[in-house]
Amino acid sequence: MLLLPKIPILAVNVLLTLHVVIDLRRGYATASMLSALATVSTAAAAPLLGRLTDRHGARPIVCVCGVVSMAFWIAIPHVPFTVLLALVAPASAFSLPARALSQQSLVVLVPANLRRTALSLDMIFTEVAAVAGPGLGAWAMGISTLATLTGVGIVLG
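The structure contained in this document is the topic of the report that follows.

Points about the nonpolar core
Ranked by internal contacts, the top residues of the largest apolar core, which has 22 residues, are L15, L16, L34, F72, W73, I76 and L84. If you list the elements that add at least two residues to this core, you get α1 (6–23), α2 (28–56), α3 (58–75), α4 (81–93) and α7 (145–156). For this core, the element with the most residues is α1, which contributes seven residues. Ignoring sequence-local partners within four residues, the contact set of L84 consists of L16, H19, V20, L24, L34, F72, I76 and V79.

Dropping the structure here:
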């Protein structure tokens, strides 16, 4: 997987926090609670998504997760906090298992003698995205919240 698609995935918690604090005028404690709920929901659903991927293949799972993620992130700027609170857990449960999918794709696509290098490069891209994502997300939210959240929805879909 390339670097650019990983950046929004790794910036979602910062984007969610900034939206709650700046746009919805809630405190950081409320935003952190919402972000924690999203993280716990993602972690709790990961084994089920893995099992479903094993049973039905990656394509239908990626399709469903992409549609749910896109709808959620495009809807965020338009809903009040109570609706956001109700949507965050189910939407986060459908987060794409991007790291596992990128590694599986590399194992299939890259010849055996280059796999170690390709997987190492993928992990380097993941680390760069983890460093750059939150900062770029915060910068983009300063320009336009609506455009940033909608853009994340489009990229995740």
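Following the structure, the description resumes.
Notes on the state of the cysteines
Applying the stated criterion across every chain, the model contains zero disulfides. With no disulfide of its own, C63 lies 9.4 Å from the sulfur of C65, the closest cysteine sulfur. Looking at C65, the relative accessible area reads 1%, which means it is buried.

Quick look at the packing of aromatic side chains
Counted by the stated rule, this structure contains one aromatic pair. Between F72 and W73, the ring centres sit 5.6 Å apart and the planes meet at 80 degrees, which makes this aromatic pair edge-to-face. Neither residue differs from the other here; F72 and W73 are each classed as buried.

Description of the layout of surface pockets
One number sums up the size of the largest pocket: a volume of about 840 Å³. Contributing to the lining of the largest pocket are 34 residues, with I9, T42, S95, L96 and A98 lying nearest its centre. The set of elements that each furnish at least two residues to the lining of the largest pocket consists of α1, α2, α3, α4, α5 (98–109) and α6 (115–143). Here the element with the most residues in the lining of the largest pocket is α2; it accounts for nine residues.

Examining α4
Helix length check: α4 (13 residues) gives 19 Å between terminal C-alpha atoms against 18 Å at 1.5 Å per residue, within 8%. The axis of α4 is deflected most strongly, by about 35 degrees, at L87, and proline P90 appears within four residues downstream. All buried positions along α4 are accounted for by F81, L84, V88, A91, S92 and A93.

Conventions and cut-offs
- Residues numbered from 1 in each chain as written.
- Predicted model: local features only at pLDDT ≥ 70, side-chain atom pairs only at ≥ 80, totals over all residues.
- Heavy atoms only, no water.
- Core = buried A, V, L, I, M, F, W, Y, C linked by side-chain atoms within 4.5 Å.
- Buried < 20%, exposed > 50% of the residue type's maximum accessible area, 1.4 Å probe, protein only.
- Helix = DSSP H or I, 4+ residues; strand = E, 2+ residues; numbered from the N terminus.
- Contact = heavy atoms within 4.5 Å.
- Disulfide = S-S within 2.5 Å.
- Phe/Tyr/Trp six-rings, centres within 6.5 Å; stacked < 30°, edge-to-face > 60°.
- 1 Å grid on protein atoms, 1.4 Å probe; cavity = no way out; pocket = protein on both sides within 12 Å on 5 of 7 lines; lining within 4 Å.
- Points joined across faces, edges and corners; volume = space filled by probe spheres on them.
- Expected span 1.5 Å × (residues − 1).
- Bend = angle between axes of the 7 residues up to and from the residue.

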